Structures are given as C-alpha cells and as structure tokens.
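Overview (structure and organization)
Listed below, chain by chain, are the residues.
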Amino acid sequence: MTPLLQVTDIAKFYGQRIGCTGVSFDLYPGEVMGIVGESGSGKSTLLNCLAGHLTPDRGSVCFDTRADGLRDTVSMSEPERRMLSRTDWAFVHQHARDGLRMNVSAGGNVGERLMAVGARHYGDIREAATDWLGRVEISVDRIDDRPTAFSGGMQQRLQIARNLVTGPRLVFMDEPTGGLDVSVQARLLDLLRGLVREMNLSAIIVTHDLAVVRLLADRLMVMKDGHVVETGLTDQVLDDPQHRYTQLLVSSVLQV
C-alpha cells in the first residue's frame, strides 16, 4: 500500500536552536499518528513543517495526491499547496478562534470552505452547512449565530465542521482539546473518534495529553529536544515505554 504521507529527514532550526531534526515516518490511509512531548519538545514545529505553515531546512513531505501520486509538498508552488490545504488537507487549531472567522455566521464559516473549492449554489451550501452542524452536535437553529456567541467547546466543534466539510483525507490537529474543561474534552474526543472512523480519515495529532492519544492514535511518536526518542503502536509505547523520557512522561500522568 502506498503511504498517504511519506516524511523523510525533516529538520527545522532557529539559529543554533533545534526546532526538530531527523524526523522520518510513513502515514497510511485511515491511520492516526499521535505526537507527544513536553512544551519545547519540537512537536508543534514538526506539525507546522508537515502542514506547510513552516518551510523545513531539510527533508521532504510527500503526499499521495489524487492526480499525480506522491509529490513533495515542500517544493510545491504556493498556489498548489494552498489548494491542497482547502481540499485534501485540514488543520484544527488549539484555539478555535485561529481557525474560524469570528465575524461570520456559523453557517458562513462552514460554507466558506465549500466556496473556496468552487461551490456556488447557495441552497446546496446552506444544506451542507446544516448537515455538518448537526454532525458536530450544534443545533441547526444556531446556523446564523456568530461564533462569538458560542462556548469554547462549540467553537471547537464548529472549527471541525469547517475543516471536514470538503472531505479531506488528512487532518492536522494541534492540541485539539487544549484549554477545554474535562467534560467538554471527553465529548469532543468522542466526536473526533467517531468522525475519524466514519470518514476513514488519516490524522496527525500533537498533544501533551497522553489520554488523547490513547483514545485516538494508532501509533505514537515521542519527542524530546527536537528529536524523536521513541515510536511504536500507541498502547505498546504507553504500556511498556522503553526510553527513559517516555517512562517519565507516563509515570508523571500516573502520579497525578
């Protein structure tokens, strides 16, 4: 099977400081990869290199495009990469406000992404927006309300609807449950797990919360000081960590 994403020797430096270095892995269709580590471990730098928000100093990020097969997104033109980010890729920010138009209605937020890929029929766009609000458990009578009137959890669910309405194949998630109350986190995680399975999504999830990756990720990558120090099946890594740093991460959670 051809990997959906083939990452080879990605590195990013900030002067003398390492953002991330020597990262390589393959991600297959329908697979979820979790990336964990403390603040400053390099996980967000890596995610932003993979998603095209940062240009790596070394390495390639090859995506299995519909038209041309595996292509290195690092060397793509900006218009090509922008179209990819509107169609087959999606990015869920930690803070929903970074991924939403706060002065546009809920329905308009979902509809905008459809319009960005060529949808023009108002009735069809509104119908799709209504359907997706329901799928992320937002009452359809809130379709004309602005996100400023929503709770943090609702804003995050709206951001997910906006991202998934075009049927992407790969979703990047940066701390998707960060800053939410525990009960809200649980509801959001349950929703995400259902959508990943239903849509056969591939995803890369960056988080410091091991419970999130335990629930969502098939494989796990542990980062420290810009390096990957351990990788493997999620349950295997969390239940029998081999690297001292991973052991410390797991034990710190158990002691809480």
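Okay, so let's go over this structure. Just so it is clear, the model here is predicted, and its values are computed rather than measured.

With respect to the pairing of strand β7 (residues 170–174)
The buried fraction of β7 amounts to 5 of the 5 residues, a majority that puts the element mostly inside the structure. Here strand β6 (residues 89–92) pairs with β7 via 4 bridges, running parallel. When the bridges of β7 are listed, W89 appears paired with L170. The sheet contact formed by β7 and strand β8 (residues 202–207) spans 5 bridges and is parallel. Bridging from a neighbouring strand, L170 pairs with S202 of β8. As for the winding sense of the linkage, the β-α-β connection from β7 through helix α6 (residues 182–199) to β8 is right-handed.

So, the pattern of salt bridges
All chains considered together, the criterion is met by 18 salt bridges. Between D88 and R169 there is a salt bridge, and its shortest N-O distance comes to 2.9 Å. Residue D88 is located in the loop between α2 (78–86) and β6, and its partner R169 is located in the loop between α5 (152–164) and β7; the two are separated by 81 residues in the primary sequence. We classify D88 as buried; its relative accessible area is 5%. Look at R169 and you get partly exposed, because its relative accessible area is 22%. Sharing partners across several salt bridges, the network here consists of R66, D88 and R169.

So, the sheet that holds strand β3 (residues 32–36)
Reading across from one edge, β6-β7-β8-β3-β9-β10 is the order of the 6 strands in this open sheet, with mixed pairing throughout. Each having just a single partner strand, β6 and β10 (227–233) make up the two edges of the open sheet. Here the average twist between neighbouring strands, direction ignored, is 15 degrees.

Conventions and cut-offs
Residues numbered from 1 in each chain as written. Predicted model: local features only at pLDDT ≥ 70, side-chain atom pairs only at ≥ 80, totals over all residues. Heavy atoms only, no water. Buried < 20%, exposed > 50% of the residue type's maximum accessible area, 1.4 Å probe, protein only. Helix = DSSP H or I, 4+ residues; strand = E, 2+ residues; numbered from the N terminus. Pairing = 2+ DSSP bridges. Right-handed = clockwise from strand over helix to strand, strands pointing away. Salt bridge = Lys/Arg side-chain N within 4 Å of Asp/Glu carboxyl O. Axes fitted to C-alpha atoms, helices over the stretch in contact; angles between N-to-C directions.

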